[in-house]
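The primary structure of each chain is shown beneath.
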Amino acid sequence: MLDVVVVGAGPNGLTAAVELARRGFSVAVFEACGTIGGGARTEELTLPGFRHDPCSAAHPLGISSPAFGELPLQRYGLQWLHAELPMAHPFPDGTAAVLSRSVAETAASFGPRDAGTYRRLVAPFVSHWDTLARDFMSLPLTALPRDPVTLARFGLAGLPPSTWLMRRFRDERAKTLFAGLVGHVMAPLSGFATGAIGLVFALAAHARGWPVARGGSQSISDALAAYLEDLGGTLHTDYEVKRLDDLPPARAYVFDTSPTALARIAGLGRYYDGYRYGPGVFKIDYALDGPVPWTAKEPRVAGTVQIGSDSTAIGAALRAVSREGRAPDEPFLITVQPSVADPTRAPAGKQVFWVYGHVPNGWQGDLTDAIERQLERFAPGFRDRVLARATAGPPELAARNANYVGGDIASGAASGLQLLLRPKPSLFPYSTPHPAVFICSSATPPGPGVHGMSGYNAAKAVWRRLRQR
């Protein structure tokens, strides 16, 4: 009998497996797809030699992850690469605000009326980032806070809606950039704790940057898998699990799956019926014949570029998909330029480019034209650089990764109390009614992102249970 079986070889499943194998448990991982990786994969989606990330591409929480920081992943090939700027947000007038490693440079890009406000907002937290990140990514109750005073101050600033926090700014440049940061989790700007979302992304940029993984996001998954195998763990691909009886006997089963799939496989009935899935995305991967022709100079050297003309337009786009159930007329876009930091991702002189816009859950339309119209506003001539494109709406994303129900890449709505208390309000979110079954996917705290912390926290819960037995 194995000690632990893990179902799903995404970053959280692999991290859980590694943590348990490090503690001396026998571990086997079973993955339905032919390759490992989940939301951290790299494939040639368009043309030979162009290596794209089908899902996550930039990793501000990956480089800041306490779980990854404890593992020798560099020994297994993981290398973080940084663009000159972590992020830029261009405006229709040809200028841009930036999110730089430097707080002063970031504040200066907002203009004199908001520079001091921004510095005062982030200054109490930047120097405490590593401890703060560990504290809020380990909640709830998987570890006592190491710096409860800073965590409490962060909560006071971040738990109100982002619209409240944005009132501190007087001009549109700072409001727009901050609204875009909140939009990374597809939550309405007026939602509970959305201020914390914006602050987390800003602080991560200042403290550690928003890097890409050399060679693509697959290298994160490959490094975790290689380390697991060195620890004695085993990996099985092309192994679809439909019920617990499909798996070998084990003392514990850990699922890196959606709550819906877990309930079906483990026979938990309607236990997760109240879990809500959020908006989906429409994603395009491009092979380009050269750099994106941004009008503003700052996006040309940024790893990530947000596209939204102002905070009002961003808010309207988020409301359209979250509350009105329709695709926005002017989509808010998140784009990543891996080739700016990693030229090996495409043939010489060419580039890969990654972009998505938000759409309602399960939407079956085509957002390509709306996305490219937006890009042309800020990068005239963009379409002339396109050699090939690979599009994926909610149905395609869900078919590629079963955790993305309805195209929801956050594996559950990141709004309301479910932003913090997922998949159910509980002090033990990784446990289930079945004493031997646990969940470790992005549907558990701290939520979406390639950081492995959901798997890390779940592994601690499994370890405690096995030790009691």
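Before reading on, note that the structure itself is shown above.
Residues numbered from 1 in each chain as written. Predicted model: local features only at pLDDT ≥ 70, side-chain atom pairs only at ≥ 80, totals over all residues. Heavy atoms only, no water.

The next thing to look at is the packing of helix H6 (residues 129–138) against helix H17 (residues 453–468). Running from N to C, H6 and H17 cross one another at 65 degrees; their axes reach a closest spacing of 10 Å. As for how H6 packs across H17, the hand of that crossing is right-handed. Between H6 and H17, the residues in contact are Arg134, Met137 and Ser138 and Met453, Tyr456 and Asn457, respectively. Split into classes, the residues belonging to the contact of H6 with H17 amount to three nonpolar, two polar and one charged. (Axes fitted to C-alpha atoms, helices over the stretch in contact; angles between N-to-C directions. Helix = DSSP H or I, 4+ residues; strand = E, 2+ residues; numbered from the N terminus. Left-handed = near helix turned anticlockwise from the far one by under 90°. Contact = heavy atoms within 4.5 Å. Nonpolar A, V, L, I, M, F, W, Y, C, P; charged D, E, K, R; others polar.)

To continue, consider empty space enclosed by the protein. Enumeration according to the criterion identifies two cavities of 30 Å³ or more in this entry. As a volume, the largest cavity reaches approximately 60 Å³. Forming the boundary of the largest cavity are Gly38, Gly39, Arg41, Pro54, Cys55, Leu397, Arg400, Asn401 and Tyr404. Looking at the lining of the largest cavity residue by residue, the class counts come to four nonpolar, three polar and two charged. Roughly 30 Å³ of internal volume is contained in the second largest cavity. As for the second largest cavity, its lining consists of Pro54, Cys55, Val281, Lys283, Trp354, Tyr356 and Ile409. When residues of the lining of the second largest cavity are traced back to their parent elements, those giving at least two are strand E9 (280–288) and strand E12 (351–359). Classifying every residue of the lining of the second largest cavity gives six nonpolar, no polar and one charged. (1 Å grid on protein atoms, 1.4 Å probe; cavity = no way out; pocket = protein on both sides within 12 Å on 5 of 7 lines; lining within 4 Å. Points joined across faces, edges and corners; volume = space filled by probe spheres on them.)

Quick look at the sheet that holds strand E7 (residues 234–236) now. Within the open sheet, the five strands sit side by side as E7-E2-E1-E8-E14. Their pairing is parallel. Edge positions in the sheet fall to E7 and strand E14 (437–439), since each has one partner strand and no second. Neighbour-to-neighbour, the strand axes of the sheet open up by a mean angle of 20 degrees, direction not taken into account. As judged from the three bridges shared by strand E8 (residues 250–255) and E14, these two strands associate in the parallel manner. Across the sheet, the residue bridging to valine 254 is phenylalanine 438, located in E14. Most of the contacts of helix H12 (residues 259–266) go to E14, to which it runs at about 170 degrees, and overall it touches E8 and E14. (Pairing = 2+ DSSP bridges.)

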